[in-house]
Amino acid sequence: MITSFKAMVDNAVKLLFIDESKRTPEQREIMTNHWVRNLGPDVAKDKPLNDRLKELREKLAKLDAGFTPLTHAMTVTVDPKAPQAYIALGGDYRSKGAEVTPGLPAALTSAPVKDRLAFARWLCGPENPLTARVVVNRIWQEFFGRGIVRTSDDFGTQGEKPTNPDLLDWLASEFRDGGWSRKHMHRLIVTSAAYRQSSATRKELSERDPENTLISRQTRLRLPAELIRDVALSASGLLSTTIGGPSVRPPQPAGVAELRYGNGKWVESTGADRYRRGLYIQFQRTAPYPQLMNFDAPDSNVACTRRSRSNTPLQALNLLNDPVFFESAQALALRILRNEANSRIDQAFRLCLARDPNSRERERLAKYVDEQETYFETNPKSAKALMPMSVGTKPAEAAAWVAASRVLMNTDEFIVRE
Amino acid sequence: MNPLELARIASRRSFLKNVGGGLGMIALADLLHGAEAPNPLAPKKPHFAPKAKNVIFLFMEGGPSQMDLYDPKPGLQKWHGKPLPPEMTKDLKLAFIKPTAAVLASPREFRQFGQSGMFFSDYLPHMSKVADDLCMVRSMHTDAFNHHPGQLLLFTGSMQFGRPTMGAWVVYGLGSESKNLPAFAVLASGAGTSGGASNFSNGFLPSMYQGTLLRSTGDPILYLSNPEGVSRDQQRAALDAVRDLNQERLAETGDMEIASRIASYELAFRMQMAGPELADFSKESPATLEMYGVNNETTKQYATNCLMARRMVEIGVRYVMLMHASWDQHTNLNKALKKNCDITDQPIAALIKDLKQRGLLDSTLVVWGGEFGRTPMVEIRNTADPDGAGRDHHPNAYTMWLAGGGIKPGVTIGSTDELGFKIVEDPVHVHDLQATILNRLGMDHTKLTYRHMGREFRLTDISGTVVDKMLA
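Residues numbered from 1 in each chain as written. Chains lettered and ligands numbered in written order. Predicted model: local features only at pLDDT ≥ 70, side-chain atom pairs only at ≥ 80, totals over all residues. Heavy atoms only, no water.

A. Fine view of a nonpolar patch on the surface. Taken together, the side chains of Val13(A), Leu16(A) and Phe17(A) present a nonpolar region at the surface, about 340 Å² in accessible area. Mapped onto the fold, Val13(A) is located in helix 1 (residues 5-16). (Patch = residues over 30% accessible without salt bridge, like charges linked within 9 Å, V, L, I, M, F, W, Y side chains within 5 Å. Areas by Shrake-Rupley, 256 points an atom, 1.4 Å probe, with all protein chains shown as cover. Salt bridge = Lys/Arg side-chain N within 4 Å of Asp/Glu carboxyl O. Helix = DSSP H or I, 4+ residues; strand = E, 2+ residues; numbered from the N terminus.)

This is the structure in structure tokens:
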């Protein structure tokens, strides 16, 4: 099956030079297809024929649309005429140093590794424990906030030593013996007693082990940039959990995408695509999505094995005022308003923080809702701006719950894994 | 962060955790008033007495043509339309054209200005009037002949991705003196730059050092305005509720990050006041607005950016970068170069004058330049349109200028050969420029380092020499 237009044209041209009697039925079909899809100038002049072709083309387009799209898979073949490689002195490709051949640093192995296949075999072979250690360390890092080897990008002499070497090796063996299954490791970790501990600090433990290297508690971790969007959409019930497909473009402030190299336009996604998970947001190298950058997403220029977690006023502005988050607060309010008046606060806490409020929290939020409702009763215009649609409750009440939703979605706990 | 700082913060945290009941309030009061708080953005002492406190980097993206603006080359006339002898071009590596391309003499008229007799072309009628405040460097050179590597080298000292940019280094070294605005601010005009966000990235430095992109229209800072229907009082009431809930959680968990979060929200609230003030020019005199060209359609955007830059420097924003794109005149040199000059010339001259009349030029280092210059040879992309001729990228000899902040005014440093090909006197590498900028800010470029991947990194990589001739 030929999937690209260019390949099809090239192929049809090639086939044209094969003697007609020697063309296979398949080749004849390729040529017919090419002719049907690419009208010559003479055909264009013939009105009835043209009309008929137009009809057929529309039919063909419909059939084409019904096809499962094909994807390409790259494969590697050894190039017998591979160019020689040299050390680029001072990083300059014009200054050739010694010639180099495929191989691994002697510190890692003395075995000859002459091509990619040999390298792949060595990488996952039983004599090399490094691969499994590096992978499980990164998995651990995501669940506990830092790796067993903290320098997860450097297991060499300049990196840090593992805090719990036996644990690292045990996890690495589990990973390798479990058929290199990440899912197995995720399940193993999230069902462990270590993972399920409380994050609260305890004085006597903080004194004995201030860095918590013995993992006597969990750690509160601010969520990664993409997940911050996800929790807001999920709490509000807007999240689309569709997997895969092309990137999406949720709303972003005007003027941001215009600073992209090549002056791109940001055509906002519509429908459910506006509410897709953060990892599907189109990443433009020269003008990345601001919410992702505000929350420490890497800039995609260099490989990143661990992200930093900053805590900035720009993040606060983002969560308070970005229309994406405000829209989530509005949707969350609608969800909450469906409950009986006396259970709304508890319901709001459960949706946002997956727990019940304590009595002080319940009181504080109730006080806020009351104050807001009073305010909106005398400011119907503002109430309308916060909740533009009629939802079967008093407009002031609905607006007050949008405001309260916004408060909960701006608490530290909302964007933190506890 | 170095291990010492980490230890200090760790011990601080454990102290606060042990205080018990009132810990949230102690931490909060502390963070809000900045007393002894482990604030990484607190102003820091430089290595030695600084000449400049702030930087305004006027980045001219794409590579402005030095021989049509600052560095007259009458010698080109002799060769105009002819290729150069191969012995002159044998080591030349260019992005698009061949070294055998014909020479293009500049059609510009040059005159000398000021006491210093500095050269400017007829495209720069305003900047030429502040000639005696500028230090013209005609002998810049860089290693990159394409945009993105060139921009990375200029701003990070390396052509590879991932290093911190100059603004991030400066804020890391000196901290911030602006209470309600980011310490490293970026304003853009024209088209998008090929370096984009990597020109103001924090690289491997903590992300609090990254440049914040401000805007000259709409909200000056993204997400600065409250959602529709939320008044400032309403915002305050919401923040009070958020703070109380956060404090409850802080008492419960003892996680000091929550105290930082509370402080961040307070700063955000203050930024919501400071941001609009920054963009509010109603208290500027009509004469000032006129001087910058704020009300002129052509200059409006760049003038607004320049005026915002001055206003930011006034309130202590450490490093302001204005990016203007693009000066990449492969084609239509005459027209496109004029357009860029018409947009930027008057606002830049006004910025220099304005800083000077307010006594700010002494403490503000202004830098003008691109990632490289342009070739003496012509680039013709469309042979049917000879008027569309342009110039290719030229990394071996180009011009930048500096002003204020302890830089010697009214001098021209370095010179190029008869054709503007090679530097013949006082070469200044990009790393030397970086070393000099840091020096004026009171920092030794070999000592401003950050440990990453097992070694100390610095802006000037492994080279760079302070250019004594530039120093006042």
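B. Local environment of the nonpolar core. Core analysis: the biggest nonpolar cluster contains 122 residues, and Leu58(B), Phe120(B), Met312(B), Trp368(B) and Trp401(B) have the highest contact counts within it. In terms of residue count, the dominant contributor to this core is helix 17 (residues 395-409) of chain A (11 residues). Leaving out residues up to four positions away in the same chain, Leu58(B) has contacts with Tyr302(B), Leu322(B), Ile348(B), Leu351(B), Val366(B), Val367(B), Trp368(B), Gly369(B) and Trp401(B). Counting residues in hydrophobic clusters, the runner-up holds 50 residues, among them Val55(B), Phe184(B), Phe204(B) and Leu433(B). (Core = buried A, V, L, I, M, F, W, Y, C linked by side-chain atoms within 4.5 Å. Buried < 20%, exposed > 50% of the residue type's maximum accessible area, 1.4 Å probe, protein only. Contact = heavy atoms within 4.5 Å.)

C. Expanded view of the pattern of salt bridges. Throughout the structure, instances matching the rule amount to 57 salt bridges over all chains. For Asp51(A), the salt bridge identified is with Lys47(A), shortest N-O distance 2.9 Å. In this pair, Asp51(A) and Lys47(A) are both assigned in helix 4 (residues 47-66), 4 residues apart and thus about one turn of the helix distant. A salt bridge links Arg261(B) to Asp412(A); the shortest N-O distance between them is 2.9 Å. Of this pair, Arg261(B) sits in helix 8 (residues 256-279) while Asp412(A) sits in the loop between helix 17 and strand 4 (416-417), which puts the two residues in different chains. Like Asp412(A), Arg261(B) is buried. When salt bridges that share partners are traced, they join Arg220(A), Arg355(A), Glu361(A), Asp412(A), Glu413(A), Glu418(A), Arg249(B), Asp255(B) and Arg261(B) into one network.

D. Geometry of helix 14 (residues 344-353) of chain A. Here helix 14 of chain A lies mainly inside the structure; 7 of its 10 residues are buried. Turning to helix 14 of chain A, its buried residues are Arg344(A), Ile345(A), Asp346(A), Ala348(A), Phe349(A), Cys352(A) and Leu353(A). Lining the buried residues of helix 14 of chain A we find helix 10 (225-236), helix 13 (323-337), helix 15 (359-378) and helix 17 of chain A together with helix 7 (232-253) of chain B. Ala354(A) lies just past helix 14 of chain A and shows a positive phi near 55°.

E. Representation of the domain arrangement of chain A. Taken as a whole, chain A is organised into domain 1 (2-65), domain 2 (130-206) and domain 3 (323-417). Its C-alpha centre places domain 1 of chain A at a distance of 61 Å from the equivalent point of domain 3 of chain A. (Domains from an automatic or database assignment.)

F. Region of the structure containing the interface of chain A and chain B. Taken together, the 68 residues of chain A in the interface contact 63 residues of chain B. Of the roughly 5400 Å² buried between chain A and chain B, counting both surfaces, carbon and sulfur atoms make up 57%. Along the contact surface separating chain A from chain B lie 6 salt bridges. Residue Asp255(B) is joined to Arg220(A) by a salt bridge in which the shortest nitrogen-to-oxygen separation is 2.8 Å. Taken together, chain A and chain B are joined by 22 residue pairs in polar contact (both at pLDDT 80 or more). Elements with a contribution of two residues or more to the side of chain A that touches chain B: helix 9 (203-208), helix 11 (290-294), helix 12 (313-321), helix 15, helix 16 (380-386) and helix 17 of chain A. Looking at the side of chain A that touches chain B element by element, the count peaks at 9 residues for helix 12 of chain A. (Buried area = accessible area lost by both parts, 1.4 Å probe. Polar contact = N/O pair within 3.5 Å; in protein donor to acceptor, adjacent residues only side chain to side chain.)

G. Main features of unusual backbone geometry. All names here are of chain B. Across the junction of Ala-325 and Ser-326, the peptide omega takes the value 5°, indicating a cis bond. A positive phi is found at Asn-332, a non-glycine position, where the angle reads about 50°. Mapped onto the fold, Asn-332 is located in the loop between strand 7 (319-325) and helix 11 (333-357). With a relative accessible area of 34%, Asn-332 lands in the partly exposed category. Here the phi dihedral of Asp-426 falls at roughly 50°; this positive angle occurs in a residue that is not glycine.

H. Spotlight on the pairing of strand 3 (residues 118-121) of chain B. All names here are of chain B. As judged from the 4 bridges shared by strand 2 (residues 110-113) and strand 3, these two strands associate in the antiparallel manner. What sits directly across from Arg-111, in strand 3, is Phe-120. Hairpin connection between strand 2 and strand 3: a loop of 4 residues separates the two successive antiparallel strands, and Gly-114 in this loop has a positive phi of roughly 70°. (Pairing = 2+ DSSP bridges.)

I. Region of interest: the side chain of Ser199(A). All names here are of chain A. Residue position: Ser-199 is located in the loop between helix 8 (182-190) and helix 9. The buried category is assigned to Ser-199, whose relative accessible area is 8%. Discounting chain neighbours no more than four positions away, the residues touching Ser-199 are Arg-217, Gln-218, Thr-219, Arg-220 and Glu-418.

J. Examining the environment of Pro246(A) more closely. You can see Pro246(A) is positioned in the loop between helix 10 and helix 11. Separated by 31 residues in sequence, Pro246(A) and Arg277(A) have C-alpha atoms that sit 12 Å apart.

K. Molecular detail of the environment of Gly404(B). Residue and element names in this part refer to chain B. Turning to its location among the elements, Gly-404 is positioned in the loop between strand 11 (398-403) and strand 12 (411-413). For Gly-404, a relative accessible area of 10% puts it in the buried group. Gly-404 sits 316 residues away from Met-88 along the chain, and the two C-alpha atoms are 37 Å apart. Here Gly-404 is in contact with Asp-133, Leu-361, Thr-364 and Leu-365, once residues within four sequence places are set aside.

L. Spotlight on the packing of helix 5 (residues 147-156) of chain B against helix 12 (residues 430-440) of chain B. Residue and element names in this part refer to chain B. With their axes 8 Å apart at the nearest point, helix 5 and helix 12 run at an angle of 30° to one another. Taken together, the axes of helix 5 and helix 12 are roughly parallel relative to one another. Between helix 5, through Leu-153, Leu-154, Phe-155 and Thr-156, and helix 12, the contact on the second element is made entirely by Val-430, His-431, Leu-433 and Gln-434. Across the contact of helix 5 with helix 12, the residue classes break down as 5 nonpolar, 3 polar and no charged. (Axes fitted to C-alpha atoms, helices over the stretch in contact; angles between N-to-C directions. Parallel < 35°, antiparallel > 145°, perpendicular 65-115°, else oblique. Nonpolar A, V, L, I, M, F, W, Y, C, P; charged D, E, K, R; others polar.)

M. How the structure looks around the packing of helix 14 of chain A against helix 17 of chain A. Residues and elements named next belong to chain A. Interhelical geometry of helix 14 versus helix 17 gives an angle of 35° and a closest axis separation of 10 Å. Our pair here, helix 14 against helix 17, has a crossing hand that is right-handed. Of helix 17, the residues touching helix 14 (which contributes Arg-344, Ile-345, Ala-348, Phe-349, Cys-352 and Leu-353) are Glu-397, Trp-401, Leu-408 and Met-409. Residue composition of the contact of helix 14 with helix 17, grouped by class: 8 nonpolar, no polar and 2 charged. (Left-handed = near helix turned anticlockwise from the far one by under 90°.)

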